[in-house]
Structure formats: structure tokens, C-alpha cells
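One-letter residues, chain by chain:
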Amino acid sequence: MSRTYAVFFLAVCFLLMPLKSESSAETEVFFSSVSLVRGDLILITIKADILEKPQIIWRKKEIPLIYSQANASWRGFIAADLKQKPGVYKVVVQLPSSGFEKEFYIRVNDRDYGVRKLNLDPKKVELDAEALNRVKNEAAIVNKLWTADCQLPLWDDRFLMPVDKKIVGTFGRRSIINKRKRAPHTGVDISGKLGDPVKAIHNGTVMLVADHFFTGNSLYLDHGGCIISMYFHLDKILVKDGDQIEKGQIIGLVGATGRVTGPHLHWGVRINGARVNPLTLIELSRELDG
Ligand SMILES: [Zn+2]
């Protein structure tokens, strides 16, 4: 070994040793994007050992994470509700085992999702006292689902489309029904014929099967990790409350029940309670494979 090389080698050893003992300071955190629009999500990746489960806090809630052996990293989704106020929000990443803690700032931008104009049966829009009461009771049942405790994630790879057909109604549009402003569209509408099979987008547990005024035959699946998917206007539901469902399993048939203009699937996703574009979940979840 030449003298120069030996000095260099010693210097490298000297530099490496303290770094190794402070490996927590080297924890790498990646975001699929540093900004998102309201109603959308991003993927967070933390390179850390399986035994060093990080804690990610976003808007006072802990983000559920899954571990990827192949990538030696923890991953989870950060979601902004469709009605989240644009602004800059903090994400705190902590590794309790090593004392690592870092704050990141994510910008939530506004977005104009456009407008949808619908003409519907006035009886389904201007509700009488009986219908109004029914809608209120149904909303109370559904709202309880968003505050239920998060279960362990049942997913560790990509999510599937529930029906492989054209999107005929995009997410987030403001609604003008019979010329009056109504709630925005919180899912996507997929074209389908009466009786077309609808697949579960991932493994899950049936949270609720119901026949509701607006959404017709409705199915809510809990995928764990605070991800809930919902399937509306079904003609038939082929599963029942509490059933364990496998990714790709046929859970119902496309229909035209509830307030609709024709057969289609309305498909929605909530992440940590936030109403998000399901198509972004499909796209980002591809990163979970492998
Ligand atoms: Zn819809």
C-alpha cells in the first residue's frame, strides 16, 4: 500500500466510523411530490430498517405504513381532502428507536375540477320530509365509518380498478343539479352495463352493505391502513357485512339504483377520512410492487 493510499484509507475509515454510529441522522425520506392538489394524495417513503418503524404525523393523525422488504423502506399515503383549504402543511417524521425527527412542509394547492350539470327527477332532488329524514339517518350511519379505528393494512402492493371500462364522470367536479349548486362529485363514475361484475380493489373487510337514498345499493370495504373504498348504485351486492374479501374478488354487479341517470359504477376512496381521487391511488400504488 503506498503511503498516500494508506493516508487516504485511514481518512476514509475515520470519516465512516462516526457516520455509522449516527445512522439515524442519515435516514432518508422521499415524497412522490412536494405538493398536491386538494382531493389528491402522495406517497411517502422512509428508508429504515424493519425494526425501526417510523411515526408520520400529518394533520394530527398518524399515517399507517407498510414495510417493503425489497426496498428496505416504509411507505404510506398522505392525503388531502377534496375540501382541504389550500396552504402549507407540516409532516413530522420520527423514528422513536433512534431519536430521528424531522419536519417537512407539503403544499396543498387549489384545483378547478370543473362542473357537472345534471337534470334529475325533482323528487330525488327536492326532498320531502320523509326522504329528508331518511337521508339524514343514512348520513349518520356512513359518517361513523370515517371515524372508526384504523385496522392493520391488508394491502402491500398495487390496487386494482373495480371495473376496467371508461371513466364517464371525473372526480371533484362541482355539481349543478336541476340548475342548483349541490355537493361536489367525490368519486369517479365508470361506465358499465347492468350486471357487469365489480371487483374489490384490494383485500378488505366489508364494513357496510346498505340500500341508501342517493347511493342505492352501496358497499363499503375497509382495506386497513385507513383506506376505505366504496361502490355505489349496484344492482346486486354479492357479499355481506364482516366478510373478508380478496383483491379482485367479484363483490357486486353494476346497476342503476339510487339517484342515477343510468347504469354505472360510482367508485370512491377515503384515506385517513380524506375524500381523494381513486385514480391517483391506482397510479401511486404501482410503486408498492416489487
Ligand atoms: Zn358518481
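Structure's up top.
Residues numbered from 1 in each chain as written. Predicted model: local features only at pLDDT ≥ 70, side-chain atom pairs only at ≥ 80, totals over all residues. Heavy atoms only, no water.

Side note on unusual backbone geometry
- The phi dihedral of Asn178 is positive, around 45°, even though this residue is not glycine.
- Mapped onto the secondary structure, Asn178 falls in the loop between strand 12 (174-177) and strand 13 (180-182).
- In this model, His233 sits at a positive phi of 65°, which is unusual for a non-glycine residue.
- You can see His233 is positioned in strand 18 (residues 227-234).
- Judged by its relative accessible area of 6%, His233 falls in the buried class. (Helix = DSSP H or I, 4+ residues; strand = E, 2+ residues; numbered from the N terminus. Buried < 20%, exposed > 50% of the residue type's maximum accessible area, 1.4 Å probe, protein only.)

Some thoughts on the pairing of strand 22 (residues 264-271)
- Counting buried residues along strand 22, eight of its eight residues qualify, which places the element largely inside the surrounding structure.
- Here strand 22 shows no split at all, with His264, His266, Gly268 and Arg270 on one side and Leu265, Trp267, Val269 and Ile271 on the other all buried.
- The pairing of strand 14 (residues 188-191) with strand 22 spans four bridges and is antiparallel. Directly across from Val188, in strand 22, lies its bridge partner Trp267.
- Note that strand 18 and strand 22 share six bridges and pair antiparallel. (Pairing = 2+ DSSP bridges.)

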